Amino acid sequence: EFEFEYLQMSPEERADFCKENKTKSMMEKIITQGFRCLNLMYFFTCGSDEVKCWTIQKGMKAPAAGGRIHTDFEKGFICAEIMNFDDWKSEGGESACKASGKLRQQGREYEVKDGDIIHFKVNAGAGLKGKK
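Everything numeric here is computed off the predicted structure, so don't read it as measured data.

> What is the right way to read the state of the cysteines from this model?
One way to say it: the disulfide is the covalent bond shared by the sulfur atoms of two cysteines. One pass over the structure, following the stated rule, counts zero disulfides. For Cys37, which is in no disulfide, the shortest distance to another cysteine sulfur is to Cys53 and amounts to 19 Å. Cys37 gets classed as exposed once you look at its relative accessible area, which sits at 68%. Lacking any disulfide linkage, Cys79 is separated from the closest cysteine sulfur, that of Cys46, by 15 Å. Exposure remark for Cys79: the relative accessible area of 11% places this residue in the buried category.

Structure representation (structure tokens):
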């Protein structure tokens, strides 16, 4: 109940409350431990105007991770262009990662790592069944 009430407070109220009661929230630890216990991790996709975070099971292969975005990504998987978030941050972006050789193409057997930034290449017609 404490965490629920704590989350309803403004950031200033939270700071005052913690100072007055000589305590701190454990919400971040609860979430982190929950992810660890459930064997979950994140990967990211990004475009020119947005970044999305996707939750997957640890050990998931690239096509299955793409399937979390859309089933056609798994069915029509060609390859995944991968860069690690830490590399992206230290190099200063996608172009710099590509120039330094830290953007790499991976196939079906690639096991997605926590913090990967992925651009999926797919055959868009792979999910079509009917003939014209």
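> Looking at this model, I keep getting lost on unusual backbone geometry. Mind explaining?
Of note in this structure, Lys22 is not a glycine but carries a positive phi near 50 degrees. Among the structural elements, Lys22 can be located in the loop between α2 (11-21) and α3 (27-37). Using a relative accessible area of 78% as the deciding quantity, one classes Lys22 as exposed. Although it is not a glycine, Asn39 sits at a positive phi angle of roughly 65 degrees. Checked against the element boundaries, Asn39 lands in the loop between α3 and β1 (40-46).

Conventions we followed
- Residues numbered from 1 in each chain as written.
- Predicted model: local features only at pLDDT ≥ 70, side-chain atom pairs only at ≥ 80, totals over all residues.
- Heavy atoms only, no water.
- Disulfide = S-S within 2.5 Å.
- Buried < 20%, exposed > 50% of the residue type's maximum accessible area, 1.4 Å probe, protein only.
- Helix = DSSP H or I, 4+ residues; strand = E, 2+ residues; numbered from the N terminus.

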